[in-house]
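Summary of structural features
Here is how the chains run, residue by residue.
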Amino acid sequence: MPNVAVKIFGMECIFGIHWTVAQVRPWILETIEIFGPGRCMFASHMPICKLACSYQQLYGAYLEMIKDFSTSEQRQLLHDTAAATYRL
């Protein structure tokens with residue numbers, strides 16, 4: 001449905017606290033492919049996420065996974081979709 005958005009977070013809950021970019025990349029890229037960057041947003045899941053990594057490490061992993069996306073797509077994933085969804 002075009003009105004559905006997905007929040008991408010919680011890798012430590014699915015893959016354990018020692019997850020790697022290589023482990024989660026296929027899942028995240030498939031989710032983005034299914035929904036499109038305009039309906040996906042990244043989230044931190046803090047403070048639970050701190051069990052696995054720092055905020056900087058988490059968003060560094062997100063940035064690594066989307067480094068080949070266009071600037072517009074990256075902005076959607078990191079800001080625009082959440083701003084629109086939550087009417088910020």
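Before reading on, note that the structure itself is shown above.
Below is a short write-up of the structure. (Residues numbered from 1 in each chain as written. Predicted model: local features only at pLDDT ≥ 70, side-chain atom pairs only at ≥ 80, totals over all residues. Heavy atoms only, no water.)

Considering the packing of aromatic side chains
- Evaluated as defined, the whole model comprises two aromatic pairs.
- Measuring from ring centre to ring centre gives 4.0 Å for Phe 42 and Tyr 62, while their planes differ by 15°; the resulting arrangement is stacked. With a gap of 20 residues between them, Phe 42 in strand E2 (residues 40-42) and Tyr 62 in helix H3 (residues 55-65) connect regions that are remote in the sequence.
- Residue Tyr 62 is classed as buried on the basis of its relative accessible area, which comes to 0%.
- Members of the aromatic cluster, each reached through a chain of ring pairs, are Phe 42, Tyr 59 and Tyr 62.
- For the cation-ring pair, Lys 7 lies above Phe 9, with the distance from its terminal atom to the ring centre recorded as 5.7 Å. (Phe/Tyr/Trp six-rings, centres within 6.5 Å; stacked < 30°, edge-to-face > 60°. Helix = DSSP H or I, 4+ residues; strand = E, 2+ residues; numbered from the N terminus. Buried < 20%, exposed > 50% of the residue type's maximum accessible area, 1.4 Å probe, protein only. Lys NZ or Arg CZ within 6 Å of the ring centre and 35° of its normal.)

Some words on unusual backbone geometry
- The backbone of Arg 87 sits at a positive phi, close to 50°, despite the residue not being glycine.
- Looking at where Arg 87 falls in the secondary structure, it is placed in the segment after helix H4 (71-85).
- Judged by its relative accessible area of 78%, Arg 87 is exposed.

Observations regarding H3
- Those residues of H3 that fall on the buried side of the exposure criterion are Leu 58, Tyr 59, Ala 61, Tyr 62 and Met 65. Projected down its long axis, H3 shows its buried positions confined to an angular sector of 150°, all on one face. Set apart from the buried face of H3 by more than 90 degrees, the exposed residues are Gln 56 and Gln 57. (Arc of directions from axis to C-beta.)

Regarding the pattern of salt bridges
- Scanning the entire structure with this criterion turns up three salt bridges.
- Its salt-bridge partner being Lys 67, residue Glu 64 comes within 3.1 Å of it at the nearest N-O pair.
- A relative accessible area of 34% means that Glu 64 is categorised as partly exposed.
- Bridged by salt links that share partners, the residues Arg 25, Glu 64 and Lys 67 form one connected network. (Salt bridge = Lys/Arg side-chain N within 4 Å of Asp/Glu carboxyl O.)

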